[in-house]
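The chain contents come next:
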Amino acid sequence: MGLFEDKLKLQHFRWPCMPITARISTKSSSPSCVWLLVLPAHVFTYLGLWDSFYKKVFPYIMAKMAPAYNHKVCKQKQALFSNLRTFAGPSGQLTLLEIGTGTGTNFQFYPPGCRLTCTDPNPNFSKFLLKSLSENQHLKLEWSVVASGEDLHQIPDGSMDVVVSTLVLCSVSSVQKVLAEVLRVLRRGGAFYFLEHVAADHSSWTYFWQKVFDPLWKCFGDGCSLSRETQKELEKTNFSELNLKHISVTPHWIPSSPHIIGALAHGRTSFALYGSSALTTAMTEASILFFRTCLALLAMPIYLLSFLGIWEPFCRKIFFPFFLEKLSAIHNRKTKKQKQELFRNLPDFAGPSGELKLLEIGTGCGANFQFYPPGCKVTCTDINPNFQQGLSRSMSQNQHIHYERFLVAAGEDLHQVPSGSVDAVVCTLVLCSVQSVNSTLKEVMRVLKPGGVFYFLEHVADDHSSWRYFWQQVCYPTWKLVFAGCCLTREIWKNLEQANFSELKLQHISVPLPGTPIKPHIIGYAVK
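Residues numbered from 1 in each chain as written. Predicted model: local features only at pLDDT ≥ 70, side-chain atom pairs only at ≥ 80, totals over all residues. Heavy atoms only, no water.

Undergrad: Would you mind showing me how to read the overall build of the chain here?
TA: For the chain, the count of helices and strands is 14 helices and 14 strands. Counting contacts in the chain only where the partners sit at least 6 residues apart, residues at least 24 apart contribute 74% of the total. As displayed, the chain offers around 25000 Å² of accessible surface, 59% of which is attributable to carbon and sulfur atoms. (Helix = DSSP H or I, 4+ residues; strand = E, 2+ residues; numbered from the N terminus. Contact = heavy atoms within 4.5 Å. Areas by Shrake-Rupley, 256 points an atom, 1.4 Å probe, with all protein chains shown as cover.)

This is the structure we're talking about:
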């Protein structure tokens, strides 16, 4: 049993280190003991008694829990809200709307003179809200509205500089409706700040327990969902820019430990968020430019050869085939278990005749051949025809598969391959260097049979707040020149999410390649 179980009945990755969590479907029921725990609450809900009772009790619970939570995330909140003033309007005053204000735990982080509008669907927080305002007299309360995040009709269009939401999107009925309202009330140039707990990685034990406790948590958390993937909802919005970071809030054993923190910009193409001032951003950009220049000076002979038109043909014919064969051997050792697991169920996708027809894009020196099942009919494509030596060695070592055709073709143009003619397409360390990821994925969709599968393993951009991403940006121009167009900062998972696959399963992993900027990878499959 591998990555697929009965042709995709398995909903999550199954990695050797976590065989139990991988057997849990996203739609699986939680253990009956949890349902028994919440049965009295369900009975009260059915009788119409629970909601009115708990909405009165919930503010008291939050008033007790909020200070402890604020203590845990104090530094993160200070960094998040440190540049709120930069969004003040022409008058110099900052108009801020907080959705789901609750007990007012964020007030202490807002700048003096901030004109505050508070909303919450639960009117029973008013007592605690007033107490928090009395403790934070540097703020000016303009308006307090009893309203859900999905319906802020009392707030005029484009009237807010900033909207804030912390631990709210986990419990709203529709995240997209809330974000649409946020976009409506924000003026152009405004920003939406968020801090939310989210679903953990689907292959982790934390996600297992999130699914187990979700019914109980929703019941006693006023509708709060532990397994909501809010980050995906944020990526779907029409904001001009998204800055997001994943963090973990202690203690790590609680199911609400995984969080996202960051901001969305409305009609603003370049701005600093999450604890970065404009000066810091400018200094970062200057540092990147400085180190890029230093690296370019070190690689000056290559740049000179490129200018003279010598490097590209030399790289294609000699350097890159030699380098890729060496790198592929190292990469295969580092990712052997992941590749074995990824390709384990390839035979399940064979056609009615029992033959599996597989197309590999960017075959290179054939590093993946050893993972393909016996009798598999492979069509190989690569834009570079100079891999013959490495490819011949790999073929002689892997005679268990049948090699049908070798095509010199780019991933964006596979016109030699008929539409709907292959059962599986494989692409590893290729989408980083194609001219257009979207065009390549369109070709993948075209050549796949209905129900066919696309396997991928690609290095990607790191988290934008990390040092590794900084060095990826520094190395980007020289790396692209030296290594045949390879891009270090591509966010390929976004292209995959936007493609029209019927199902996508993707995991971010780190491949131990010390001293290189290509540690962050994505691995998974997509079904047509």
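The structure having been displayed, the exposition proceeds.
Undergrad: Sorry if this is basic, but what is going on with the sheet that holds strand β9 (residues 377–382) here?
TA: The strands making up a sheet associate through hydrogen bonds between their backbones, and the pairing can be parallel or antiparallel. Taken in spatial order, the seven strands of this open sheet run β10-β9-β8-β11-β12-β14-β13, and their pairing is mixed. The sheet is open, and its two edges are formed by β10 (402–408) and β13 (503–510), each paired on a single side. The average angle at which neighbouring strand axes cross in this sheet is 15°, direction not considered. Pairing between β13 and strand β14 (residues 520–527): eight bridges, direction antiparallel. (Pairing = 2+ DSSP bridges. Axes fitted to C-alpha atoms, helices over the stretch in contact; angles between N-to-C directions.)

Undergrad: Where do I start with the packing of aromatic side chains in this structure?
TA: For any pair of aromatic rings, the description consists of the separation of the ring centres together with the inter-plane angle of the planes. Under the defined criterion, the tally for this structure stands at 32 aromatic pairs. Judged by centre distance (4.8 Å) and plane angle (80°), the rings of Phe208 and Trp209 are edge-to-face. When the centroid spacing of 5.9 Å and the interplanar angle of 40° are considered together, the rings of Phe454 and Phe456 count as tilted. Each member of the pair Phe454 and Phe456 is classed as buried. Here the aromatic cluster, defined as three or more aromatic residues joined through ring pairs, consists of Trp311, Phe314, Phe319, Phe320, Phe323, Phe387, Trp479 and Phe483. (Phe/Tyr/Trp six-rings, centres within 6.5 Å; stacked < 30°, edge-to-face > 60°. Buried < 20%, exposed > 50% of the residue type's maximum accessible area, 1.4 Å probe, protein only.)

Undergrad: Mind showing me how you'd approach the layout of surface pockets here?
TA: Empty space among the atoms becomes apparent when a probe as large as a water molecule is rolled across them. Here the second largest pocket defines a volume of roughly 1200 Å³. Around the second largest pocket, the lining is made up of 47 residues, and of these Phe58, Met62, Leu167, Cys170 and Gly221 lie nearest the centre. In terms of residue count, helix α2 (residues 50–72) provides more of the lining of the second largest pocket than any other element does, 10 residues in total. Taken together, the residues of the lining of the second largest pocket break down into 22 nonpolar, 18 polar and seven charged. (1 Å grid on protein atoms, 1.4 Å probe; cavity = no way out; pocket = protein on both sides within 12 Å on 5 of 7 lines; lining within 4 Å. Points joined across faces, edges and corners; volume = space filled by probe spheres on them. Nonpolar A, V, L, I, M, F, W, Y, C, P; charged D, E, K, R; others polar.)

Purely spatial values, then, with no claim about function.
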